[in-house]
Amino acid sequence: MHAAVSSRLVSLALLKKYKARGGGGGGGSGFGAERGVVGSAHAGVGSSSFTSSSSSPSRGVRERKTNAIDVFRFVQNHRRDDEAEDDKKRSKDVVVIFAWFGSEKKHVAKYAHMYKDKHEEVIVVAPPALASLSPKLTTQIANDFLRIFREKDVEGVHVHSFSNGGFLFAGNLLYHASDKRDDKECKINVELAKKWKTKIKSVTLDCAPARLNANVISRAFASVLLGSRVEDIYDNDAKEGGGESRMGELAKSALDVLAETLLSDENLQRKINNAYAAWETELDTNVPLKMLFSESDKLVPVNEVQEFAQRQRARGNARVFTKCFKNVPHCEIGRWHQDEYMKVLFDEKI
C-alpha cells in the first residue's frame, strides 16, 4: 500500500521535474521561435566537459522547435578563400539524435556539436521522462519530429540513438513505417515515417539495446529523479550495504511498483514490443550499424547488445561494428573518450 502511494508521488515528482525544465506543452505542435547561439563546448554533469576537436571557426545556431526538439545549424565564420572548398565537403545530410530517457538538452547538445565539421544540420529529439508515462505525449513528439523533417529537403539521414529511450522512440517510428503496423491504432503519420525510414544512411546505437524489464525501468527513473548516474546510485561495490541502500527501501519499492505498473499496461507493452521488433526486421540490411557500449553499464548488459548485433549480422547486415569500452558510466562514452568516440563516428573504414 505504501509503495503504491509512493509510486504516485514518484509520478508527480517526474511531472514537477519536467515542468521545471520548461516542458509541458498542452495541445498543438508546440512550435516556438526561440533561438540561441551555442558555443562549441558546454559544461556537463560533474566536472567533465566537451572540447572542440577542430580549430575551424564554427558555431551552432540552435532553434527550439518544440519543448522536446531542437535543430542545430552549424555555420562557418570568417572563412578564407582557400578554405571555401572545405565547406563543400561538409555533408548536406541531416543527423538525427534520439536522446536517452530523461536527458537534458544542454548535455545532448554536446553530441550535436561533434558533427559541426561534418554536417550542417542536426535535429535533436529529447523526449522528457514524462513521455514514457504518456503514450499520447510520445505520439505528439513523434509527429512533431516528422513535420520538422518534412520541411527539410535532404538526401540522407544519419541516426544517432542513445540508450533504451532513444532506441524505443526510433523503433516506434520504424514500426509505423512498416507494412506490419496496425492501421487501427496508427496515430503517427505513416507517409512521413516511411520517408524518414527510406532516407536512413547510417545508424549509431550508444548504450543500447537491452530488454525493458521492471528493474531497468526502475533504475532509469531513479537516475532521473535523483539527477545522478545510475552507476552512482546502484554501485555494487559501495560500502554500507551497497548502492541499493542509498535510495532507501521505500523509495526503491515505489519505483519498482511504478515500473511494474507501466509494464502491466497492455497498450504500452504492445508498443514496446512493436518498437523492438521493428529494429529486428525493418532496418535496411545495407545500412551501416555502429554499436558502442560499456562493460560496466548498469542499465544495458553487454551480452544483450552483442546478441542484438549478432542477430543483425544473421539477417544479412555485414556492416555491423561493435566497440566495448571499459569502466564508463551509462551514456557517457563520448564524454570519457571523446577522441576515440569521434574517430568511430566518422571513420568511413569502420
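On a predicted model such as this, the values are computed, not experimentally measured, just so you know.

Chemist: Would you mind going over the overall build of the chain in detail, with residue names and values included?
Modeler: Check the secondary structure of the chain and you find 13 helices and 9 strands. Working note: accessible area of the chain is about 16,700 Å², and carbon and sulfur atoms make up 49% of it.

Chemist: Go over unusual backbone geometry, please, and point to the residues and values.
Modeler: A cis amide bond links Ala208 to the next residue, Pro209, at an omega of 0°. Mapped onto the fold, Pro209 is located in the loop between strand E7 (200-206) and helix H7 (214-226). Look at Ser163: it is not a glycine, yet its phi comes out positive at around 55°. Relative to the helices and strands, Ser163 is located in helix H5 (residues 163-176). Of the residues examined, Ser163 reaches a relative accessible area of 5% and is grouped as buried. Positive phi, normally seen in glycine, also occurs at Cys331, with a value near 60°. Residue position: Cys331 is located in the loop between strand E9 (320-325) and helix H12 (333-336).

Chemist: Which residues make up the nonpolar core, and what values do they have?
Modeler: Ranked by size, the top nonpolar core spans 68 residues in total, and within it Phe98, Ile123, Phe145, Leu173, Trp196, Val203 and Trp279 carry the most contacts. Among the elements that make up this core, the one with the highest residue count is helix H4 (residues 135-150) (7 residues). Sequence-distant contacts of Phe98, defined by excluding residues within four places in its chain, comprise Val125, Phe145, Val159, His160, Ser161, Phe162, Gly166, Phe169, Ala170, Leu173 and Trp196. Ranked by size, the runner-up nonpolar core spans 26 residues in total, among them Trp100, Phe325, Cys331 and Tyr341.

Chemist: Report on the environment of Val108, specifying residues and quantitative values.
Modeler: In this fold, Val108 is placed in helix H3 (residues 105-113). In this structure, Val108 is in contact with Ile97, Ala99, Trp100, Ser103 and Val124, ignoring residues within four places of it in sequence.

Chemist: I'd like to hear about the packing of aromatic side chains, residue by residue, with values.
Modeler: Here the structure, examined in full by the defined rule, presents 14 aromatic pairs. Each ring, one from Phe167 and one from Tyr276, has its centre 5.0 Å from the other, and the planes form 70°; the classification is edge-to-face. Placement of Phe167 in helix H5 and of Tyr276 in helix H10 (residues 266-281) is noted, with a sequence separation of 109 residues between them. With respect to burial, Phe167 and Tyr276 carry one shared label: buried.

Chemist: Lay out the pattern of salt bridges in plain terms, naming residues and giving numbers.
Modeler: Two side chains carrying opposite charge are able to pair once their charged atoms lie near each other. A complete count under the given rule lists 15 salt bridges for this structure. As a salt-bridge pair, Glu121 and Lys152 come within 3.4 Å of each other at their nearest N and O atoms. Remark: Lys152 occurs in the loop between H4 and strand E6 (157-162) and Glu121 occurs in strand E5 (residues 119-125); sequence separation between them is 31 residues. Both residues of the pair, Glu121 and Lys152, belong to the buried class. For Asp144, the salt bridge is made with Arg147, and the minimal N-O distance between the two is 2.4 Å. Here Arg147 and Asp144 lie together in helix H4, a separation of 3 residues that amounts to about one turn. By relative accessible area, Asp144 is classed as buried at 2%.

Chemist: Outline the environment of Tyr111, supporting the account with residue identities and numerical values.
Modeler: When you line up the elements, Tyr111 lands in helix H3. Taking the C-alpha atoms as reference points, Tyr111 and Val122, separated by 11 residues in sequence, lie 9.7 Å from one another.

Chemist: Please give an account of helix H13 (residues 338-346) that cites residues and values.
Modeler: Among all positions in H13, only Gln338, Tyr341, Met342, Val344 and Leu345 are buried. Taken end-on, H13 shows its buried residues confined to a sector of 155°, consistent with a single buried face. With respect to the buried face of H13, the exposed residues turned more than 90 degrees away are Asp339 and Lys343.

Chemist: Describe the side chain of Arg335, naming the residues involved and giving the relevant values.
Modeler: By the element assignment, Arg335 lies in helix H12. Separated by 2.6 Å, the side chains of Arg335 and Glu332 make a polar contact.

Chemist: A description of the environment of Lys195 should follow, citing residues and the corresponding values.
Modeler: Mapped onto the elements, Lys195 comes out in helix H6 (residues 190-198). With relative accessibility at 32%, the residue Lys195 sits in the partly exposed group. On a C-alpha basis, the gap between Lys195 and Arg150 in space is 8.6 Å, while along the polypeptide they are 45 residues apart. Those residues in contact with Lys195 that lie beyond four places of it in its chain are Phe149 and Arg150.

Cut-offs used in this document
- Residues numbered from 1 in each chain as written.
- Predicted model: local features only at pLDDT ≥ 70, side-chain atom pairs only at ≥ 80, totals over all residues.
- Heavy atoms only, no water.
- Helix = DSSP H or I, 4+ residues; strand = E, 2+ residues; numbered from the N terminus.
- Areas by Shrake-Rupley, 256 points an atom, 1.4 Å probe, with all protein chains shown as cover.
- Buried < 20%, exposed > 50% of the residue type's maximum accessible area, 1.4 Å probe, protein only.
- Core = buried A, V, L, I, M, F, W, Y, C linked by side-chain atoms within 4.5 Å.
- Contact = heavy atoms within 4.5 Å.
- Phe/Tyr/Trp six-rings, centres within 6.5 Å; stacked < 30°, edge-to-face > 60°.
- Salt bridge = Lys/Arg side-chain N within 4 Å of Asp/Glu carboxyl O.
- Arc of directions from axis to C-beta.
- Polar contact = N/O pair within 3.5 Å; in protein donor to acceptor, adjacent residues only side chain to side chain.

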